[in-house]
Amino acid sequence: MSRSDDIWILGIHMTKFGKHPNLDVVDLGAEAIHGALADAGVTMADIGIIAAGNLLGSGSIAQQLQKQVGQTGIPAYNVSNACATGATALRTVIMAVKAGEVDMGLAVGVEKLAGAGLLGAGGKPKADNDEWARNGRFGAVGPVDGRIGTESMPGVFAQIGMEYGHKYGGADFELFAKISEKNHSHSTLNPLAAYNKAMSLEQIMNDVMIAYPNTRPMCSANCDGAAAAVVINGEKLKTLSLEQQRRAVKVSASILTSDPWQEACQVLPDVNTLTRNAAHQAYEQAGVGPQDLNLVELHDCFATAELVHYDNLMLCDEGGAVDFFESGAPYRDGRMPVNVSGGLQSKGHPISATGIANIWEVCQHVRGEAGDRQIEGAKVGLAHVIGLASACGIHILERSAA
Amino acid sequence: MSTATQIPFVEYLNLEPTPHLVANECTSCGARYFDRRNACAGCFNTEFTSVDIPTEGVLRSFSIITFAAPGVEVPFVAAVIDCGGTSVRANIINCPPDPEHVSLGMKVRLATTVVGTDSAGVEAVNYGFEPA
Ligand SMILES: [Zn+2]
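The shown structure was predicted, so the numbers you read here are calculated from the model rather than taken from an experiment.

> Teacher, can you tell me more about the nonpolar core here?
Note that soluble globular proteins tend to have their nonpolar side chains buried in a common cluster. Judged by nonpolar contacts, the single largest core of 96 residues is most densely connected at A:Tyr283, A:Leu307, A:Tyr310, A:Leu315, B:Tyr127 and B:Phe129. For this core, the element with the most residues is helix α9 (residues 271–286) of chain A, which contributes seven residues. Setting aside anything within four residues of it in sequence, one finds A:Tyr283 in contact with A:Val288, A:Gly289, A:Pro290, A:Leu293, A:Leu313, A:Met314, A:Leu315, A:Leu382 and A:Ile396. Counting 33 residues, the second-largest nonpolar core is a separate cluster that includes A:Met14, A:Val79, A:Val97 and A:Ala229.

> Would you mind showing me how to read the side chain of A:Ser352 here?
All names here are of chain A. Locating Ser352 in the fold gives a position in helix α13 (residues 351–366). Under the relative-accessibility criterion, Ser352 is labelled buried at 0%. At 3.0 Å, the side chain of Ser352 forms a polar contact with the backbone nitrogen of Leu55. Of the polar contacts made by the side chain of Ser352, one reaches the side chain of Glu111; its length is 2.6 Å.

> What am I meant to see in the coordination of the zinc ion here?
Reference values for angles at a metal are 109.5 degrees in the four-donor tetrahedral case and 90 or 180 degrees in the six-donor octahedral case. All names here are of chain B. Coordination of the zinc ion by the protein involves Cys26 (SG), Cys29 (SG), Cys40 (SG) and Cys43 (SG), with metal-donor separations of 2.3 Å. Because the angles between the four donor atoms bound to the zinc ion fall within 99 to 114 degrees, the donor set is best described as tetrahedral. Read from N- to C-terminus, the donor residues coordinating the zinc ion fall into the pattern C-x2-C-x10-C-x2-C. Residue Cys26 is found in strand β3 (residues 20–26), and its partner Cys40 is found in the loop between β4 (32–33) and β5 (48–53); the two are separated by 14 residues along the sequence. Residue classification places Cys26 among the buried residues on the basis of a relative accessible area of 2%. On the basis of relative accessible area, Cys40 is assigned to the buried category, the value being 3%.

> I'm lost on the interface of chain A and chain B in this one. Help?
It is common to give the size of an interface as the accessible area that goes away when the parts come together. The partner chain B presents 55 residues to the 44 residues of chain A that form the contact. Approximately 4200 Å² of surface area, both sides summed, lies buried where chain A meets chain B, with 58% of it carried by carbon and sulfur atoms. Considering only the side of chain A, the residues that lose the most area to chain B are A:Trp132, A:Arg137 and A:Ile148, jointly responsible for 19% of the buried surface there. Put simply, chain A and chain B have two salt bridges between them. With its nearest N and O atoms 3.0 Å apart, the salt bridge here joins A:Glu151 to B:Arg89. Along the contact surface separating chain A from chain B lie 26 residue pairs in polar contact (both at pLDDT 80 or more). When residues of the side of chain A that touches chain B are traced back to their parent elements, those giving at least two are α4 (153–168) and β5 (209–212) of chain A.

> Before we go on, may I ask you to explain helix α10 (residues 303–312) of chain A in this structure?
An α-helical segment advances 3.6 residues per turn. Residues three or four places apart therefore align on the same side. Residue and element names in this part refer to chain A. In terms of residue burial, α10 counts as a mostly covered element, since 10 of its 10 residues are buried. Three or more residues of α10 are buried, namely Ala303, Thr304, Ala305, Glu306, Leu307, Val308, His309, Tyr310, Asp311 and Asn312. Met314 sits one or two residues past α10 and shows a positive phi near 65 degrees.

Thresholds, definitions, all that
Residues numbered from 1 in each chain as written. Chains lettered and ligands numbered in written order. Predicted model: local features only at pLDDT ≥ 70, side-chain atom pairs only at ≥ 80, totals over all residues. Heavy atoms only, no water. Core = buried A, V, L, I, M, F, W, Y, C linked by side-chain atoms within 4.5 Å. Buried < 20%, exposed > 50% of the residue type's maximum accessible area, 1.4 Å probe, protein only. Helix = DSSP H or I, 4+ residues; strand = E, 2+ residues; numbered from the N terminus. Contact = heavy atoms within 4.5 Å. Polar contact = N/O pair within 3.5 Å; in protein donor to acceptor, adjacent residues only side chain to side chain. Donors = N, O, S within 2.8 Å, 3.2 Å for Na, K, Ca; no water. Tetrahedral: all angles 85-135°; square planar, octahedral: opposite > 155°, others 65-115°. Buried area = accessible area lost by both parts, 1.4 Å probe. Salt bridge = Lys/Arg side-chain N within 4 Å of Asp/Glu carboxyl O.

Written as structure tokens, this is what we have:
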């Protein structure tokens, strides 16, 4: 057994995002695992730990996948952390490799979401003729969602973006729609995106309003997909081929945070503080600053969310997210390309796959293998995810010096 | 004239003497909670006292929700209101649900609305905020 503090992605893969009516979650997860193993040039015999996530599934996805790709008896961790599930699986594997318990590990996230409706809204209305009865920690006599604000994801994230507008000004419906226009435009170069058609600002603003100011194309696209990654430590990597060493991508930072208590977090989830905390820790761990990044994949589950994360990830000055966007910086030809994959709004958001798929995107660029959408000369990139309730994962990835 | 008995929709709404919200305030750090807590999330203290929340506030954020769970009238305005430093979640009521009538920073005040009557004739009364 070898041990070293430096951690690398040896191989990584994402499936086509979209509709896969003929594949189940195990098919999709197995496809991602086979892709990642092939990319790494290793087999299940080399893998010492597996961590897997499938938020909406029946449970034990890691063992279900092992039965299809190799039951080697290694420890299997089933993780669940909302939309940060994929990043949490990866983080789990990284901790085991970094601790020296294993040389190599495998993380996978998979989801079947095509055709799923609105997420996060729920609650049963009172049946007629019943007498009022108090329930839950609010002692409510009926569902509070929709009667005392909203618990629907589009509504929650709309308010998160609007709150930024209230605090700093300049954020209106049209600005949020322009952010979406950018991501839909980026996705035209990504053959694995669920949607790869450009949309005009007019089309976006006139589409079905889901939760003002987010219209349908400004919401993350429900779709099927999977992504997997093989993690290795630096000592073990040195024993592999020069080609494997050259293509390996350094994990300069791997951070997971939860939401610290804030005054208003009981009424509106605070996705800002935990992202800012994670970003601070990630930049410190990696020894790089936001100015050193060549591209960022951030969690644009809604157009309103992308705006606040420009600020939270410190891609701009505090309060400067609107100016940052309007300067053209986050476009693929700008000084800080954001979501060149098309982001969750256009690439799609198969929940548990998202936190590994965003890392795949950054790896493609720093390896110089991103094809038509390659950000020229990319050396360092950042991948960010948020899961409500809340969790934030940030990974900073760097090109190999080999 | 109504003789119906009324109960608040949630326990943290007090209908008497005039409708207002009541929070559990941490006796150590002053953090306020509308739901039942085992300990303070901010400082881990386990003692709370009840405090009345101001009924007037400022609209800090909102969204106009078009799709919601069955039984919820749409569109409606979901909002966060700053009531003298305490953040409150509520619907904006007695106001057309469109961006021409709802704006960030507008002043609002607590209002009530009957959500239904049960088989015993008891009305459940919910709160919202209306333009002040
Ligand atoms: Zn406290």
